[in-house]
Amino acid sequence: YGGMGLDFSYNIAVAEELGNIRCGGVTMAIGVQAGMATPALTRFGSHELKKQFLVPTIAGDFVACLGVSEPGAGSDVANIKTTAVRKGDEYVINGGKMWITSGSQADWMCLLANTSEGPPHRNKSLICLPMNLPGIHIAKKIDKLGMRSSDTAQIFFEDVRVPCRNLIGEEGKGFTYQMLQFQEERLWGVATALKPMESIIQETVEYTRQRKVFGQPVLHNQTVHFRLAELATEVELLRSLLHRAVALYVEGNDVTKFASMAKLKAGRLTREVTDSCLQFWGGMGFTSEVLVSRFYRDLRLMSIGGGTDETMLSIICKYMDILPRK
């Protein structure tokens, strides 16, 4: 279908390199296209659906978005309210989605909706939804603290009709498909954060070497250079965890625990790195003229998007048998 047929380790190599882009919103848009809106279609979609949606998406002719989050259901995917009711050979969709990356310009959405009244983990399905259908309303492009170049939309559906053949895989398996995809999404997110943290630390080293306070470079204070050394060590430890998880995943293992641990650590470490380094920039760090202030805003999303820190902790606890698995 136009892809290179490589294993997931190559996705991570690309994700790490994309971290060199000095703007988190660009990397995130690519990540949604390549690793969030398309994996379920790739794995479980029919040949016809792949020809219609996957081929032009891989080619870059279509922009894709992922329709999971809602105002009352972000990390709590099981609680989504959007419905897709089967009527004849069509689904009729009603509800709305929130925080949809690329939502204002997407050609199609990988939509998660309730297709029955059954248990919340078995009543959901994924549907390829063309975004030019009647009844789809782009309410607004959301004004955000960070990732400001990213097109993030709120979208409503009012009696939107889509053919039943647009169903990805089996009806009722949408939640399961989405959970499988989350492993890759979270590992991708971790990979994209490594280079920005390295860049921030290195730029802080260079700035504090030049900036003098009380007659000496700021960098010469033991508090400063020890802290930067600690942060660089933490980044390398996170990279090692990521690479271990990816190697196990490529071998076919369930890495939900390790992916959750890496996502948790990345969320906390990006906050720690950007906050500590911004402090060493002094007044310049509080301006919009330096990279550290942009990443201070952009990387704050790491602890929220794709599953909050608290959600990661809950998953880790379940895999440690601290809490019962559902």
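Residues numbered from 1 in each chain as written. Predicted model: local features only at pLDDT ≥ 70, side-chain atom pairs only at ≥ 80, totals over all residues. Heavy atoms only, no water.

Per an unreviewed UniProt entry, the recorded name for the protein chain is IVD dehydrogenase, and the organism is Sylvia borin. Recorded in UniProt under Sequence similarities (unreviewed entry), the annotation for the protein chain is "Belongs to the acyl-CoA dehydrogenase family." Its UniProt record gives the protein chain the following Pathway (unreviewed entry) comment, quoted word for word: "Lipid metabolism; mitochondrial fatty acid beta-oxidation." (UniProt positions renumbered as here; feature names shortened; annotations may be inferred.)

Draft legend 1. Structural view of the overall build of the protein chain. A count of helical and extended segments in the protein chain gives nine helices and ten strands. Relative to the 2.2 N^0.38 estimate, which gives 20 Å for 326 residues, the radius of gyration of the protein chain is 21 Å and therefore close to what a compact globule would have. Seen through its C-alpha atoms, the protein chain measures out along the principal axes to roughly 80 × 40 × 35 Å. Considering the protein chain as a whole, with its 326 residues, one finds that 50% of them fall into the buried category. Counting only contacts in the protein chain whose residues sit at least 6 apart along the sequence, the fraction spanning at least 24 positions is 74%. Where the 36 positive side-chain charges of the protein chain centre and where its 34 negative ones centre are 3 Å apart. (Helix = DSSP H or I, 4+ residues; strand = E, 2+ residues; numbered from the N terminus. Rg over C-alpha atoms; globule rule 2.2 N^0.38 Å. Buried < 20%, exposed > 50% of the residue type's maximum accessible area, 1.4 Å probe, protein only. Contact = heavy atoms within 4.5 Å. Lys, Arg positive; Asp, Glu negative; His and termini not counted. Charge placed at Lys NZ, Arg CZ, Asp CG, Glu CD.)

Draft legend 2. Summary view of the UniProt feature "domain: Acyl-CoA dehydrogenase/oxidase N-terminal" (unreviewed entry) in the protein chain. Within this numbering scheme, the UniProt entry marks residues 1–61 as carrying the feature "domain: Acyl-CoA dehydrogenase/oxidase N-terminal" (unreviewed entry). Note that residues 1–61 is 69% helix and 0% strand, and that its end C-alpha atoms are spaced 13 Å apart.

Draft legend 3. Broad picture of empty space enclosed by the protein. A full pass over the atoms with the stated rule returns one cavity of 30 Å³ or more. Taken as a whole, the largest cavity spans an internal volume of roughly 30 Å³. What lines the largest cavity is simply Phe8, Asn11, Gly35, Glu184, Glu185 and Trp188. The set of elements that each furnish at least two residues to the lining of the largest cavity consists of helix H1 (8–18) and helix H5 (174–210). A total of three residues in the lining of the largest cavity trace back to one element, the largest contributor, which is H5. The residue makeup of the lining of the largest cavity, split by class, is two nonpolar, two polar and two charged. (1 Å grid on protein atoms, 1.4 Å probe; cavity = no way out; pocket = protein on both sides within 12 Å on 5 of 7 lines; lining within 4 Å. Points joined across faces, edges and corners; volume = space filled by probe spheres on them. Nonpolar A, V, L, I, M, F, W, Y, C, P; charged D, E, K, R; others polar.)

Draft legend 4. Structural detail: the domain arrangement of the protein chain. What the domain assignment reports for the protein chain is domain 1 (37–171) and domain 2 (176–320). Taking only C-alpha atoms, the centre of domain 1 and the centre of domain 2 are 30 Å apart. On the domain 2 side, the residues contacting the 16 residues of domain 1 number 15 residues. Buried surface at the junction of domain 1 and domain 2, summed over both partners, amounts to about 1,300 Å²; 63% is from carbon and sulfur atoms. Per-residue buried area on domain 1 facing domain 2 is highest for Arg43, Ser75 and Met147; these three make up 35% of the total on that side. One can count one salt bridge joining domain 1 with domain 2. Its salt-bridge partner being arginine 43, residue glutamate 184 comes within 2.4 Å of it at the nearest N-O pair. At the surface where domain 1 touches domain 2, the tally comes to five residue pairs in polar contact (both at pLDDT 80 or more). A per-element tally of the side of domain 1 that touches domain 2 places helix H3 (residues 39–44) first, with four residues. Residues belonging to the side of domain 1 that touches domain 2 are distributed by class as follows: ten nonpolar, three polar and three charged. (Domains from an automatic or database assignment. Buried area = accessible area lost by both parts, 1.4 Å probe. Salt bridge = Lys/Arg side-chain N within 4 Å of Asp/Glu carboxyl O. Polar contact = N/O pair within 3.5 Å; in protein donor to acceptor, adjacent residues only side chain to side chain.)

Draft legend 5. Molecular detail of unusual backbone geometry. For serine 102, which is not glycine, the phi dihedral falls at a positive 70°. Considering the arrangement of structural elements, one finds serine 102 in the loop between strand E3 (90–101) and strand E4 (108–114). Positive phi outside glycine occurs at methionine 147, with the angle close to 50°. Structurally, methionine 147 is set in the loop between strand E6 (136–141) and strand E7 (152–163).

Draft legend 6. Structural view of helix H8 (residues 291–298). Every buried residue of H8 is accounted for by Leu291, Val292, Ser293, Phe295 and Asp298. Of the surrounding secondary structure, the elements contacted by the buried residues of H8 are helix H2 (24–35), H5 and helix H7 (256–280).

Draft legend 7. Structural context of the pattern of salt bridges. Under the definition given, this model contains 15 salt bridges. Salt-bridge contacts for glutamate 90 lead to arginine 161; the nearest nitrogen and oxygen are separated by 3.1 Å. On the criterion of sequence distance, the pair formed by glutamate 90 in strand E3 and arginine 161 in strand E7 is long-range, its members being 71 residues apart. Residue class for glutamate 90 comes out partly exposed when judged on its relative accessible area of 26%. One connected set of salt bridges, linked through shared partners, spans Glu16, Glu198, Glu236 and Arg239.

Draft legend 8. Expanded view of the layout of surface pockets. Quantified by volume, the largest pocket comes out at close to 1,100 Å³. Forming the boundary of the largest pocket are 44 residues, of which Met28, Leu301, Ile304, Gly305 and Gly306 lie nearest the centre. No other element matches the eight residues that H5 contributes to the lining of the largest pocket. Taken together, the residues of the lining of the largest pocket sort by class into 21 nonpolar, 16 polar and seven charged. Two domains each donate at least three residues to the lining of the largest pocket, and these are domain 1 (37–171) and domain 2 (176–320).

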